[in-house]
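Inside the fold
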Amino acid sequence: EDCLPGEYQPNEGQSTCLECPAGYYCPSNNVYSPTECPQGSYCEAGVDTPTDCPEGTYGATTKLDSLLYCTPCPAGYYCDGSTPAAPTGECSEGYFCPTGSITA
C-alpha cells in the first residue's frame with residue numbers, strides 16, 4: 001500500500017510508514033523521502049504541505065519546524081505575507097513600522 005500524505009517509507013519490505021519529521025513535508029506523490037521545508041514556511045511533523053509564515057513574520061531559513069521559528073518582521077520594515085521568505089519592503093516615508101508590522 002502507498003504511504004498516506006504526511007508519511008514516508010525509504011525501505012522496501014516494511015509493514016508501516018514513518019511520520020514525516022518536523023522541518024520536512026511528505027506530499028502524496030513522494031513516499032520515499034521527506035522534502036525539506038522551504039524558506040518562508042514551516043513544517044510541523046506529519047504534514048503533507050508547508051505552511052507559509054503569517055503576516056508580520058517571515059521564514060529566514062529552510063527546515064523551520066514550528067510557527068515559533070518564523071522571524072518577526074524587523075522594525076523599519078513590513079511583512080504583508082506576499083513574500084514569506086523575507087520582509088516585503090521598507091516602511092514608507094512619513095510612517096514608522098514597529099517590529100511585526102504588516103503594512104507600510
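Our structure is the block above this text.
Note that the structure is a prediction, hence the values are computed from the model and not measured. (Residues numbered from 1 in each chain as written. Predicted model: local features only at pLDDT ≥ 70, side-chain atom pairs only at ≥ 80, totals over all residues. Heavy atoms only, no water.)

1. Considering the overall build of the chain
Of regular secondary structure, the chain possesses zero helices and 10 strands. What you see for the chain is a C-alpha radius of gyration of 17 Å, clearly larger than the 13 Å of a compact globule of 104 residues, by over 25%. With the C-alpha coordinates of the chain rotated into their principal frame, the extents come out at 65 × 20 × 15 Å. Within the chain, buried positions represent 31% of all 104 residues. When the accessible surface of the chain is summed, it comes to about 6300 Å², and 49% of that surface belongs to carbon and sulfur atoms. (Helix = DSSP H or I, 4+ residues; strand = E, 2+ residues; numbered from the N terminus. Rg over C-alpha atoms; globule rule 2.2 N^0.38 Å. Buried < 20%, exposed > 50% of the residue type's maximum accessible area, 1.4 Å probe, protein only. Areas by Shrake-Rupley, 256 points an atom, 1.4 Å probe, with all protein chains shown as cover.)

2. Comments concerning the layout of surface pockets
As a volume, the largest pocket reaches approximately 220 Å³. Considering the residues around the largest pocket, the lining is formed by 13 residues, among which Glu1, Cys3, Gln9, Asn11 and Gln14 are closest to the centre. Here the lining of the largest pocket is composed, by residue class, of five nonpolar, six polar and two charged. (1 Å grid on protein atoms, 1.4 Å probe; cavity = no way out; pocket = protein on both sides within 12 Å on 5 of 7 lines; lining within 4 Å. Points joined across faces, edges and corners; volume = space filled by probe spheres on them. Nonpolar A, V, L, I, M, F, W, Y, C, P; charged D, E, K, R; others polar.)

3. Observations concerning the side chain of threonine 57
Secondary-structure assignment places threonine 57 in strand β7 (residues 57-58). A relative accessible area of 15% means that threonine 57 is categorised as buried. In this structure the side chain of threonine 57 is engaged in a polar contact, spanning 2.7 Å, whose partner is the backbone oxygen of proline 54. (Polar contact = N/O pair within 3.5 Å; in protein donor to acceptor, adjacent residues only side chain to side chain.)

4. As for the environment of leucine 68
Its place among the elements puts leucine 68 in the loop between β7 and β8 (71-72). Leucine 68 sits 54 residues away from glutamine 14 along the chain, and the two C-alpha atoms are 34 Å apart.

5. Overview of the state of the cysteines
In total, this model carries six disulfides according to the counting rule given. Paired by a disulfide, cysteine 20 and cysteine 26 hold their sulfur atoms 2.2 Å apart. The sign of the S-S torsion, about 80°, decides the handedness of the disulfide formed by cysteine 20 and cysteine 26: right-handed. We note that cysteine 20, like cysteine 26, is buried. Sulfur-sulfur distance for the disulfide between cysteine 53 and cysteine 70 comes to 2.1 Å. Here the S-S torsion is close to -80°, and the disulfide linking cysteine 53 with cysteine 70 is therefore left-handed. (Disulfide = S-S within 2.5 Å.)

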